[in-house]
Every structure is written in C-alpha cells, then in structure tokens.
Amino acid sequence: SLCQRMLLMYMLLDKEYVGFATLPNQVHRKSVKKGFDFTLMVAGESGLGKSTLVNSLFLTDLYKDRKLLNAEERITQTVEITKHTVDIEEKGVKLKLTIVDTPGFGDAVNNTECWKSVADYIDQQFEQYFRDESGLNRKNIQDNRVHCCLYFISPFGHGLRPLDVEFMKALHEKVNIVPVLAKADTLTPAEVKEKKIKIREEIEQFGIKIYQFPDCDSDEDEDFKQQDQELKDSIPFAVIGSNIVVEAKGKRVRGRLYPWGIVEVENPAHCDFVKLRNMLVRSHMQDLKDVTRETHYENYRAHCIQSMTRMVVKERNRNKLTRESGTDFPIPMVPGVTDTETEKLIREKDEEVRHSPSREPHEQTQHHEQHSEPEDPHLEPPPSADPHSKGS
Ligand code: GDP
C-alpha cells in the first residue's frame, strides 16, 4: 500500500535526511567547474605605485617559480586604459582575474575631468552587459563589469587632494571604491595613523561613498567580529609594493631595500598589504561582486530602461500631435518588453530602490554626465536622469 511504500522510502532516506543538505556541495561543485572571475581596477595619480602593487598582489605570484624578467617592462607608465587577464588556479579552483589599469593622472597641465575616461569605461562595461543580457543568447555572456577600484592616495599630501575628491565622487556610484594609502614606507607608523584618520574624516565630510564592508552578523564569534572591525579601521589600507625579492633575516621576501633596513611587503607590522589581499581574495570578493551586480549595475539598468520609456512617451506624444497615432513609433531594443511593461518595471525598480534598507550608501543617484556613442541607434545612452526624482 501507499503507507508501506512511504515507510520504506523514509527508511531508505534515513529518517530526517531528505538530501537537500547537499545543496551547498552541489552549488560549490558547479561554481568550481565553471570557475570564478573578478575584475579589479586601479586608479589614482601617476607614480604612486599602482602597477607595482598590482604585480605584487597577483601577477608576480603567478611567476613565482620563474625569473621576473619583464616585470620592469610591465611597469612602464600607463598611458591608456589597459586590461590584463590572467588565469590563476589554486587547489583546483580557477580564477580569471582581470586587472584594469587606468592612466595615471596628475601629469597633464589640465586635469579637469580626468576621471571621465575611467567613468566611461565602467559605463561601457555595464552597457555591454545590458545589451548581452537583453539579447538572444544570454547563456555565455562575458562579464567585464568592474567589481572593485583601488584608489591610490598620495602619502605626500595632507589628506585628500581636490582631484581625489572629484575623482572618487565621479565614480562612487558606479563602482566599489577601496581607497589605499600609497607608498606607506615613506611614512612613520604615527604618520600613517594620523593620515588614515584624516582621510577617513574627509571621505565622510565630502560625502564620498566608498565600498562598505558588510556588517557582520551578531551571532558571529568574537574573533571574527574583531577581525571585521580591524578591517574597517584599516581604511585606507596603507600599502607598499615591490617587484624585487630581498633577503631579510635569512628569508627571501618581497620587499624594498633601504640603507637603514628592509621593508617587507607582506609583513603586517610594516603595512596593510596582506590585509588588503585577504580582503580582496579571501573574504570579500563575492560581496564586491554582489554589490556590483545588485547596486551599481542595477542603477545603471534602471537609468537605461527609464530613458527608453521617456523616448517612447515622447515619441508617442509627438505622434499624437501630428495626428499620426496608430502608426508605428520606434520601440527601443529591449526584446519582449512593451512600453507599458517597461513603465511597470521602472515603477517596481523605483519602489525597490526607495525601500531597500541595506547598502544605503550605494543606492544613491547616478549622474551620467557623459557617455560614449552607442553603436546601436536604437539603444540610447543612459540619461543624466535621476531615478529618485520620480514621485519623490
Ligand atoms: P604607477 O604610475 O602608479 O603605476 O606607479 P609605478 O608602479 O610605476 O611606480 C612608480 C615608482 O614608485 C617606481 O619607481 C616604483 O619602484 C616606486 N614604488 C612603487 N611602489 C612603491 C612603494 O610602495 N614605496 C615606494 N617607496 N616606492 C614605490
């Protein structure tokens, strides 16, 4: 009978064990098979050690068994936005890491709006993703969205420079900004401490919305909570980069050799390099990706859809005026979405954005002042529209 069969099934299933406890393993296996990707951007004044740090962070690790022959060549000054992609594998887990190096600014006579090309680059990646996502083949989309931007702050100034403020504010609604204090070996520990406090205050004062580490759950253990707090207090991470290996106390370490001693890149007493790398790689990579997708990209997408609807409404009104109602007007290219549907989507998105309690700092307005020309005449560039202005 049915009862007997049920009983047998339960016995087979070992009472309370249905099987969904293996879900994490299933998810894990699938992700591992697919591999992970992460895109990191570096920005800031030229000469602050961006290229050196990136090499120290990832690339040179790849060549640890090899001689670093072209390391010097690789750090020639950046003149345009360049992309390096490396595939790293660790214990069978594959990571496709993309580094986006931006032109170091500050050299030019006129530095106004030097952030524009960088902002455009980020928008272009969003735009490409949006197109791909709206296209027919959504299966194998290449995701080039920028997940994190390390912003280099000079150790020689008194806190932030006007250009730093301008730059970060131009980008903070598009990307997760993680500020770093460059060349920390040029400062004493007391100076590092003082500068960090000053910079944190200024970030607050100027309303710069840097990447917020997620709050840890109240049920986490004390150790974890303390580590989390330490991480938050380290902002901006004081970093030191080096492409050479030196000998310190009989050990070969990556460091910088001075007449008075050696600074070790990976020594936590010397700088926050390891803390930064752990944050990027071990603890917060997924969160950086989540915030990129859920906040920055969503903002972009909402703008796009909104601008499309505006276009449609404008076109419709014009048609009414010229008594051509009934004829076709150009519907922007979002396949399968009619304008009323789009309007509904926007309303929902607006609501969602307005009511979302967490991640508040990221969910502010985005101002797209400039954007590159879209190749597709149907898809308008995002407007300098404010999604919050509707009904608020
Ligand atoms: P970028 O223009 O920001 O990419 O800077 P580079 O990485 O090309 O570095 C510029 C110069 O600063 C080079 O001579 C580096 O050797 C040096 N440099 C890089 N990192 C550090 C650092 O952490 N401390 C010190 N003192 N010098 C550094």
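In the annotation of an unreviewed UniProt entry, the protein is listed under the name Septin and assigned to Sinocyclocheilus grahami. If you open the UniProt record of the protein and go to Sequence similarities (unreviewed entry), you find "Belongs to the TRAFAC class TrmE-Era-EngA-EngB-Septin-like GTPase superfamily. Septin GTPase family." Entered under Subcellular location (unreviewed entry) in the UniProt record, the comment concerning the protein runs "Cytoplasm".

(A) Local environment of the confidence of the model for the protein. On average, residues of the protein score 77 in pLDDT, and 71% of them reach the 70 mark or higher. The weakest mean pLDDT in the protein belongs to helix α4 (residues 71-74) at 43; the strongest belongs to strand β5 (residues 177-181) at 97. Contacts of residues 325-337 to residues separated by more than four positions or lying in other chains number 20 contacts, the stretch itself having pLDDT below 50.

(B) Focus on the pattern of salt bridges. A complete count under the given rule lists 18 salt bridges for this structure. Across the salt bridge formed by Arg145 and Asp143, the nearest N and O atoms sit 2.8 Å from each other. Arg145 gets classed as buried once you look at its relative accessible area, which sits at 4%. Residue classification places Asp143 among the buried positions, given a relative accessible area of 17%.

(C) Inspection of the sheet that holds strand β2 (residues 82-90) at higher detail. Taken in spatial order, the 6 strands of this open sheet run β2-β3-β1-β4-β5-β6, and their pairing is mixed. Bordering the open sheet on either side are β2 and β6 (237-238), each of which pairs with just one other strand. Examined bridge by bridge, strand β1 (residues 36-44) and strand β4 (residues 148-153) share 5 bridges and lie parallel to one another. In the strand pairing of β4, Gly44 is matched with Phe152.

(D) Region of interest: the site of the ligand. Around the ligand, a shell composed of 15 residues is seen, among which Gly47, Ser51, Thr52, Asp185 and Gly241 lie nearest. Within the backbone of Gly49, a nitrogen or oxygen atom sits 3.0 Å from an oxygen atom of the ligand. Between the ligand and Asp185 there is a distance of 2.7 Å, counted from a nitrogen atom to a side-chain nitrogen or oxygen. Starting from 580 Å² of accessible surface for the ligand in isolation, the protein chains cover 77%. Mapped onto the shell around the ligand, the elements with two or more residues apiece are α3 (50-62) and β8 (251-258). Sorting elements by how many residues they give to the shell around the ligand places α3 first, with 3 residues.

Basis of the calculations
- Residues numbered from 1 in each chain as written.
- Predicted model: local features only at pLDDT ≥ 70, side-chain atom pairs only at ≥ 80, totals over all residues.
- Heavy atoms only, no water.
- UniProt positions renumbered as here; feature names shortened; annotations may be inferred.
- pLDDT = per-residue confidence, 0-100.
- Helix = DSSP H or I, 4+ residues; strand = E, 2+ residues; numbered from the N terminus.
- Contact = heavy atoms within 4.5 Å.
- Salt bridge = Lys/Arg side-chain N within 4 Å of Asp/Glu carboxyl O.
- Buried < 20%, exposed > 50% of the residue type's maximum accessible area, 1.4 Å probe, protein only.
- Pairing = 2+ DSSP bridges.
- Near = heavy atom within 4 Å.
- Polar contact = N/O pair within 3.5 Å; in protein donor to acceptor, adjacent residues only side chain to side chain.
- Areas by Shrake-Rupley, 256 points an atom, 1.4 Å probe, with all protein chains shown as cover.

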